[in-house]
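For reference, the chains in residue letters:
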Amino acid sequence: MAQVKEVKADQLDVNAFIEEKVKEISQAVGSGEAINALSGGVDSSVVTMLGHKALGSRLKTYFINNGLMREGEQEQIVDVFDGLGVKVEVLEAQDKFFNALRGITDPEEKREAITQTFYKDVFGKLVRESGAKYLLQGTILTDIDETVAGIKRQHNVFEQLGIDPEKTFGYKILEPLVQLRKDGVRKVGQALGLPRQMFTRIPFPGPALAARVIGEVTKEKIKTVRVANKVVEEELSSTGAFQYMAILHEDRVTGMRDNKRDFGLQIEVRCWDSVDARVATPTKVSFDVLDTLAKRIVKEVPGVVSVTYNIATKPPSTMEVV
Ligand code: XMP
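Parameters and conventions
Residues numbered from 1 in each chain as written. Predicted model: local features only at pLDDT ≥ 70, side-chain atom pairs only at ≥ 80, totals over all residues. Heavy atoms only, no water. 1 Å grid on protein atoms, 1.4 Å probe; cavity = no way out; pocket = protein on both sides within 12 Å on 5 of 7 lines; lining within 4 Å. Points joined across faces, edges and corners; volume = space filled by probe spheres on them. Helix = DSSP H or I, 4+ residues; strand = E, 2+ residues; numbered from the N terminus. Nonpolar A, V, L, I, M, F, W, Y, C, P; charged D, E, K, R; others polar. Domains from an automatic or database assignment. Near = heavy atom within 4 Å. Polar contact = N/O pair within 3.5 Å; in protein donor to acceptor, adjacent residues only side chain to side chain. Areas by Shrake-Rupley, 256 points an atom, 1.4 Å probe, with all protein chains shown as cover. Contact = heavy atoms within 4.5 Å. Buried area = accessible area lost by both parts, 1.4 Å probe. Salt bridge = Lys/Arg side-chain N within 4 Å of Asp/Glu carboxyl O.

Engineer: For empty space enclosed by the protein, give the residues involved together with the corresponding values.
Structural biologist: Taken as a whole, this structure holds one cavity of 30 Å³ or more when the rule is applied. The volume enclosed by the largest cavity comes to roughly 820 Å³. The wall of the largest cavity is formed by 44 residues, among which D43, N156, F204, P205 and G206 lie closest to the centre. When contributions to the lining of the largest cavity are tallied by element, the ones reaching two or more residues are β1 (34–37), α2 (42–55), α5 (107–130), β4 (134–136) and α6 (141–148). Across the lining of the largest cavity, the residue classes tally to 21 nonpolar, 14 polar and nine charged. Here the lining of the largest cavity spans two domains, and each of domain 1 (9–199) and domain 2 (213–309) adds at least three residues to it.

Engineer: Please give an account of the site of the ligand that cites residues and values.
Structural biologist: E146, K152, Q243, K314 and E320 are the nearest of the 16 residues found near the ligand. Within the contact set of the ligand, a nitrogen atom lies 3.1 Å away from a backbone nitrogen or oxygen of G206. E320 is positioned with one of its side-chain polar atoms (N or O) 2.6 Å from an oxygen atom of the ligand. Taking 490 Å² as the accessible area of the ligand by itself, protein coverage stands at 94%.

Engineer: Talk me through the domain arrangement of the protein chain; I want residue IDs and the actual numbers.
Structural biologist: Domain assignment breaks the protein chain into domain 1 (9–199) and domain 2 (213–309). Of note, the centres of domain 1 and domain 2, computed from C-alpha atoms alone, are 28 Å apart. Contacts between the two partners involve 21 residues from domain 1 and, on the opposite side, 17 residues from domain 2. For the pair domain 1 and domain 2, the summed buried area comes to about 1400 Å², and 54% of that belongs to carbon and sulfur atoms. When residues of domain 1 are sorted by the area they lose upon contact with domain 2, E71, F98 and K110 head the list and together hold 30% of the total. Linking domain 1 to domain 2 there are two salt bridges. Linking E233 and R70 is a salt bridge whose minimum nitrogen-to-oxygen distance equals 2.8 Å. Across the domain 1-domain 2 interface, the total number found is seven residue pairs in polar contact (both at pLDDT 80 or more). When residues of the side of domain 1 that touches domain 2 are traced back to their parent elements, those giving at least two are α4 (94–101), α6 and α8 (182–191). Among the elements that take part in the side of domain 1 that touches domain 2, α4 stands out by supplying four residues, more than any other. Residues belonging to the side of domain 1 that touches domain 2 are distributed by class as follows: five nonpolar, five polar and eleven charged.

See below:
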């Protein structure tokens, strides 16, 4: 198992780092092509910019619509990158992901189903058909730590699990951000000219909204948690917290609507203060803000009768629920 040497954000010489990574990518890919999937998260956005700097149009960038993304994500990402001179192709794959997730309730099995669908079926097929030998990916050190420690299988960590992507999937993976944590990645993104709204974005996990549904992931549940996440992002962005999210619980609870019993849904809100996602504490959000949030969620998210705010720290919690 290869050891990765951490580069801390305060010790990071951003320009030297960019120069070194651009060189490494250029040398590895040579005159060929590379491919990457852009989700719009900070890590994949920074990798896209690095790859574009190194390879120009020889980097093919795809947005995979897995049906699990946040509201408006696809349009926004295609637009922002278009403005930066990076063409993003959209690949529709919603049905494949929902089919793969059908009937699965165990969190690690859900992660595995997403990984397999992404790397073997959807993206792997694309890479094989394109003839590109390299896949650029935004794995960061926190992803590796948690996978190696057996806490969560981060969907983009292979070498550390002893999986050879070339043998398993037929292509090599380049991971230029692997020595950094989120704070370092943001610095690199800023230096690469990403718009502020992109490099300061709150983190969003690889398994996307599937990481925020407890139990089986269905189209309907994703629709519910998507609206709730939109409301939470709108109401909590003013906190300046590291990350905030809405989670859809599996259990229903008794509620009442229009003087009738309503066996309704529960949304849990989490808002985290953290530097690098390794440890985190719940943000002391004012009760007025929580009050507004709850009112909007029960009004705007169909079927919700209960809204709770998480007050446990990581550890023992993790930031996402899956
Ligand atoms: P947890 O839930 O492990 O999350 O405390 C720590 C940070 O990592 C994000 N996260 C992921 N990021 N792929 C990613 O790229 C993943 O599979 C994944 N799972 C969690 C999470 O949003 C938080 O910022």
